[in-house]
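# Coordinate analysis (summary)
Take a look at the letters that make up each chain.
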Amino acid sequence: MFQRADTRRAVTLTICVLALLVIWHNQIFRELPRTSRPTPESPTHIHSQPDDTAAIDLSGARAPFISWPLRRLCTEQAESALVPGLVFLCDNNSGGPGNIRNYILTCLRYAIEAGATGLQIPRIRTRSTKDKADLFKEYQPLSYMFSEPYFRAALKEACPHIALFPSEAGLEAIPGVAAKAARENLPAERMVRLVTPKEYGGTRGGCDSRDPNRHTDRFGNAFRAWMHQLVAELGLRPTSWENPMLVRLSWGVLWDWPVIRDGPEFAATFGGLLRIREDILELADRIVQSMRGLAAESSGSTDGGTGRSRPNDAFLGVHLRTEEDALSQWPTYVNQSSGYFYMVKKHGYTGGVAYLASGGEKETQRFTKDAGERLRLAVKSKYDLVQGQALEKLRSLSWDEQALVDFSVLLESDYFVGVSPSSFSINVALKRHLRKEGLYTRPWRVGASDMRSWLVGWYNSYWDDWLFMFDGMWP
């Protein structure tokens, strides 16, 4: 009997202790800040855990960076093959935001595969202010288009083994470069080795040079084997931080990497490393707000007979690619505008408002007139939607900086029409497509509409119609 009483007292005491522990745990951890999973409002906007990230909308310019797919890749690489002193320079880029963005991302993806342990913060090649087709003028820092602090924080979170070096300090800021240059009596720039990734990994018989790289899985091992062979044949010192190797990829590799090869979650998030500058995003926010207000004012208009309802503040986004640097074989103004007008009717935007992104004043006026006469569509450009200091700020931006304003606004439009093979239009459409299934969005169906965007274009030849861009562009 005494034994049963002792047992009951022990059980009761245990229950009491457990209850006190639960109360204490809840009280303590309710008061502690939760810092392990940053929210979208946190300063760095970086999500480091796979839990609860699938439903995040990645289609906007302010979408947070989800780091775990890149961190998984970098962790795998760090466990297999890293090369101390291998530093990539991702600055052999040119063109508009779509080209620049994809070149930097593609170069970084190759750097990871090669086992690089260093990266100079990418620079951006600017175009001529007098001739927009002249893409090879002076360099600007990464902050010309994108947030450098954001890039640094995001890459450090995902790939801590990759050291970052400032571009403004020159190559001598990279450890070992100055000493090696003095030792070999060469300017630091002469030490840079130009690499074409498709030359590493296997025979590509029958492939078009514009085709994405079919041997990305072999690139890393083949590249490192080349490095070892170079050392052996030329009697060089092995690559290290005392004897670094600097690598710059050849121009034009921006569509090389088949983005879906790393999985949909990586393809959907990798582009988040490059966040558009905050002052440009603030301008875009003002323009979107103005467009919403204009749309609400015209919401009593008809839907063009489609029977479809649309939000009261919905607006159409249009990219017209007819500037002087557009290639002659691309769809003409008539091709683009007729296709756009067809989709305006189909989706019930007749009598509504449209935001037009175009770098050509004459064609902007032409489109505005045609859209108004044929569809009662009120067309606005960025210059119509801001005033005062904001307008002065807008006009002070370069042509490509202003294109980033357009890019950010078009992402927020309720329906978008653009043109293939413009990398700008394709990038907008692919980014908007991420709203479909978030982290696990399936690839865009080329030549079709996803009910959020549609692209005028010809879709017959994989190479001549530039369809390879759809396989090699990160949203």
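Our subject is the structure listed above.
## Thoughts on the pattern of salt bridges
- Applying the stated criterion to the full structure yields 26 salt bridges.
- Where Arg-261 meets Asp-217, a salt bridge forms, and the shortest distance between an N and an O atom there is 2.4 Å. Of this pair, Arg-261 sits in the loop between strand E9 (245-249) and helix H7 (264-269) while Asp-217 is found in helix H6 (residues 216-234), placing the two residues 44 residues apart along the sequence.
- The exposure class of Arg-261 is partly exposed, given its relative accessible area of 45%.
- One network of salt bridges, with partners in common, ties together Asp-91, Arg-123, Glu-189 and Arg-248.

## Focus on the packing of aromatic side chains
- Counted under the stated rule, the structure contains 19 aromatic pairs.
- In this structure an aromatic cluster arises from ring pairing among Phe-88, Tyr-110, Tyr-200, Phe-219, Phe-223, Trp-226 and Trp-257.
- The cationic tip of Arg-109 hangs over the ring face of Phe-266; the distance from NZ or CZ to the ring centre is 6.0 Å.
- In this structure, Arg-123 is placed above the aromatic ring of Tyr-139, and the distance from its NZ or CZ to the ring centre is 3.8 Å.

## As for the pairing of strand E3 (residues 83-89)
- Burial analysis of E3 places six of its seven residues in the buried class, the great majority of the element.
- Where E3 meets strand E4 (residues 116-120), four bridges bridge the pair, whose relative direction is parallel. By the bridge assignment, Leu-89 is partnered in E4 with Gln-120.
- Chirality of the crossover, the property in question, places the unit of E3, helix H3 (residues 97-114) and E4 among those that are right-handed.
- Where E3 meets E9, four bridges bridge the pair, whose relative direction is parallel. Paired with Phe-88 across the two strands is Val-247, which belongs to E9.

## Brief notes about the sheet that holds E3
- The sheet built from five strands is open, its strands ordered E7-E4-E3-E9-E8 with parallel pairing. Single-partner strands in this sheet number two, and they are strand E7 (163-165) and strand E8 (192-195). Averaged over all pairs of adjacent strands, the angle between strand axes in this sheet comes to 30°, irrespective of strand direction.
- As paired elements, E8 and E9 share four bridges and run parallel to each other. Bridge pairing in E9 links Val-195 to Leu-249.

## A short note on the nonpolar core
- In this structure, Leu-70, Leu-86, Phe-88 and Leu-273 are the most contacted members of the largest nonpolar core, which totals 94 residues.
- Not counting the four nearest positions on each side in its chain, Leu-273 is found in contact with Phe-65, Leu-70, Leu-105, Leu-108, Tyr-150, Phe-151, Ala-154 and Leu-155.
- Tyr-340, Met-343, Leu-377 and Val-419 belong to the second-largest nonpolar core, a separate cluster that totals 22 residues.

## Observations regarding helix H2 (residues 68-80)
- Here H2 contains 13 residues, and its C-alpha end-to-end distance of 18 Å stays within 8% of the 18 Å for a straight helix at 1.5 Å per residue.
- Every buried residue belonging to H2 is among Trp-68, Pro-69, Leu-70, Leu-73, Cys-74 and Gln-77, and all of these are buried.

## Quick notes on the sheet that holds strand E11 (residues 353-357)
- Taken in spatial order, the five strands of this open sheet run E12-E11-E10-E13-E14, and their pairing is parallel. One side of each edge strand has no neighbouring strand; the edge strands of this open sheet are strand E12 (378-380) and strand E14 (453-456). Geometrically, the sheet is characterised by an average inter-axis angle of 20° between neighbouring strands, direction not taken into account.
- Taken strand by strand, helix H12 (residues 399-412) contacts strand E10 (316-319), E11 and strand E13 (415-419), and its axis lies near 150° from that of E11.

## Some words on the packing of H12 against helix H13 (residues 423-433)
- One can describe the packing of H12 onto H13 by two numbers: an axis separation of 9 Å at closest approach and a directional angle of 35°. The handedness of the crossing between H12 and H13 is right-handed. Counting all contacts with H12, which are made through Ala-403, Asp-406, Phe-407, Leu-410, Leu-411 and Glu-412, the residues of H13 involved are Phe-424, Asn-427, Val-428, Lys-431 and Arg-432.
- The residue inventory of the contact of H12 with H13, partitioned by class, reads six nonpolar, one polar and four charged.

## Points about the environment of Gly-438
- When you line up the elements, Gly-438 lands in the loop between H13 and E14.
- The exposure class of Gly-438 is buried, given its relative accessible area of 5%.
- C-alpha separation for the pair Gly-438 and Ala-268, spaced 170 residues apart in sequence, amounts to 7.7 Å.

## A closer look at the environment of Ser-67
- By the secondary structure assignment, Ser-67 is in the loop between strand E2 (65-66) and H2.
- Owing to a relative accessible area of 0%, Ser-67 belongs among the buried residues under this scheme.
- Spatially, the C-alpha atom of Ser-67 lies 7.5 Å from that of Thr-269, the residues being 202 residues apart in sequence.
- Other than its neighbours up to four places away in sequence, Ser-67 contacts Ile-46, His-47, Ser-48, Glu-157 and Ala-158.

## Some thoughts on unusual backbone geometry
- With omega at 25°, the peptide bond leading from Ser-420 into Pro-421 counts as cis.
- Phi is positive for Arg-376, which is not a glycine, with a value near 50°.
- Exposure remark for Arg-376: the relative accessible area of 51% places this residue in the exposed category.
- Not every positive phi belongs to a glycine, and Met-451 is a case in point at roughly 70°.

## Examining the side chain of Asn-92
- By the secondary structure assignment, Asn-92 is in the loop between E3 and H3.
- Discounting residues that sit within four places of it in the chain, Asn-92 has contacts with Tyr-103, Tyr-139, Leu-194, Arg-248, Leu-249, Ser-250 and Trp-251.

Thresholds, definitions, all that
Residues numbered from 1 in each chain as written. Predicted model: local features only at pLDDT ≥ 70, side-chain atom pairs only at ≥ 80, totals over all residues. Heavy atoms only, no water. Salt bridge = Lys/Arg side-chain N within 4 Å of Asp/Glu carboxyl O. Helix = DSSP H or I, 4+ residues; strand = E, 2+ residues; numbered from the N terminus. Buried < 20%, exposed > 50% of the residue type's maximum accessible area, 1.4 Å probe, protein only. Phe/Tyr/Trp six-rings, centres within 6.5 Å; stacked < 30°, edge-to-face > 60°. Lys NZ or Arg CZ within 6 Å of the ring centre and 35° of its normal. Pairing = 2+ DSSP bridges. Right-handed = clockwise from strand over helix to strand, strands pointing away. Axes fitted to C-alpha atoms, helices over the stretch in contact; angles between N-to-C directions. Core = buried A, V, L, I, M, F, W, Y, C linked by side-chain atoms within 4.5 Å. Contact = heavy atoms within 4.5 Å. Expected span 1.5 Å × (residues − 1). Left-handed = near helix turned anticlockwise from the far one by under 90°. Nonpolar A, V, L, I, M, F, W, Y, C, P; charged D, E, K, R; others polar.

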